[in-house]
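Report on the structure
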Amino acid sequence: MLPTEITPPRFALEETEYSGKSVGKCATTHSPITRRSGRAPKDSPQMPLKPDLTLPELKIDGTSWLMLLILSVLWGGSFFFTEIALTDLPPFTLVLCRVTIASLILWWVVLLRHIPIPRDPKFWGAIVIMGAFNNLVPFSLIVWGQTHIASGLAAILNATTPLFTIIIAHIATDTEKLNLRKAIGVLIGFAGVVIIIGLPGSGATGASDSSPLDAPSSLAFLAPFAILLATFCYGCTGVFGKRFGGMNPILTAAGMTSASSFMLIPLAGFIDKPWELPIPSTDTIFAVFGIAALSTALAYILYFAILKRAGASNLLLVTFLIPVSAILLGVGFLGETLLPQHIAGMGVIGVGLAVIDGRLLARR
């Protein structure tokens, strides 16, 4: 769910470059040089050798808050749409429909905006990796997990993505190391996960009592762990995806969804055999288009628009809002209920994310 660009200053500069807008020229005037010494007079002003490219601090305003709320509803709605579509479609087929339709919409945007398409094989090789670990694997794991747990619980567990991203960035990079505040926030966040799932041998599985697809299965206890594995994949691609900082994010998203579509075709054909499935209901068809067009294609576009406008630190706030949107949709329209331990765990995860964010502590 969470795309991969986490370096807003770099993105903001390069976005203006490939969008055709001027970045801002630094006019340089050369001081007169004396003929004998070849040096500038002492009283002539010396221009700095490098232009000042300091970016203004990105702040969140009313429009950015509105965009964040819309994005949280779009991403929270993905769990809602998935729960509806799973009544007629198996997991791999549903994910295939989602990424295929989304890729068609995103490529239409690429062509509409005349975004240049690179031909470098290394770029497309990296896109295939991103498509696998940012779309194919996590989408499939989340959809399978929702066959056993409620959509709201899946969204709560999905909110652990920043926790994994911070840990992986600490291991894989030299510039994003853990500090004490972030380490405490990560520990608090995972304590919330333990509250939701339960300690080993405690008998708790994290499953909701009222999941509409709660069928008896020996693998049902693995559903929460499948969601966590999906968020781990998001964390990996969050670090790996920084290499796409110079590319247009809409192009990157279109490439990722296209690559995952091609990889899913044989999987869905071999495992689900979609040609043998009955014709889906109207609700399922609308849910598929909702998750593809709204929760994937439009969400990607809105995500990067907020990233450029408000910055990555402010964009982290959407992590707090997604579970709320998913729970409200699930309870209001699907009749789901969550156990008290799930609500408590969500609160603890929220505290951990607030500690990582740091702004609330700074104000106090």
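Data block above holds the structure.
1. What about the environment of Pro 274?
If you trace the backbone, Pro 274 turns up in the loop between helix H9 (249-272) and helix H10 (282-310). Sequence-wise, Pro 274 and Thr 93 are 181 residues apart; in three dimensions their C-alpha atoms are separated by 6.7 Å. When near neighbours in sequence (up to four residues on either side) are disregarded, Pro 274 contacts Thr 93, Ala 268 and Gly 269.

2. Section: the environment of Ala 297
Summarising the element assignment, Ala 297 is placed in helix H10. Between the alpha carbons of Ala 297 and Arg 98 there is a distance of 9.4 Å; along the sequence they are 199 residues apart. Those residues in contact with Ala 297 that sit more than four places away from it in its chain are Ala 102, Ile 105, Leu 106 and Ala 292.

3. What about unusual backbone geometry?
In this structure, His 114 takes a positive phi of about 55 degrees despite not being glycine. His 114 gets classed as exposed once you look at its relative accessible area, which sits at 69%. The backbone of Lys 273 shows a phi angle near 50 degrees, a positive value even though the residue is not glycine. For Lys 273, a relative accessible area of 33% puts it in the partly exposed group.

4. Structural notes on the nonpolar core
If you look at the biggest cluster of nonpolar residues, it comprises 86 residues, and the most contacted ones within it are Leu 71 and Ile 306. Broken down by element, the residue count for this core peaks at 13 residues, all from H10. Among all residues touching Ile 306, those that are not within four sequence positions of it are Met 67, Leu 68, Leu 71, Gly 311 and Leu 315.

Quick notes on the rules
All chains use their own residue numbering, which begins from 1 and follows the written sequence. Whole-chain, interface and lining totals are the exception, using all residues; otherwise, since this is a predicted model, local features are given only for residues with pLDDT of at least 70 and side-chain atom pairs are given and counted only at 80 or more. Only hydrogens and water are removed before side-chain values are computed, so all heavy atoms of the structure are retained for them. Strands are runs of DSSP state E lasting at least two residues, helices are runs of H or I lasting at least four, and both sets are numbered from the N terminus onward. When checking whether two residues touch, look at their non-hydrogen atoms; a contact exists if any pair is within 4.5 Å. Partly exposed residues are those whose accessible area sits between 20% and 50% of the maximum for their type, while under 20% is buried and over 50% is exposed, using a 1.4 Å probe and protein chains only. The criterion is simple. A nonpolar core is a set of buried Ala, Val, Leu, Ile, Met, Phe, Trp, Tyr and Cys residues joined through side-chain atoms within 4.5 Å.

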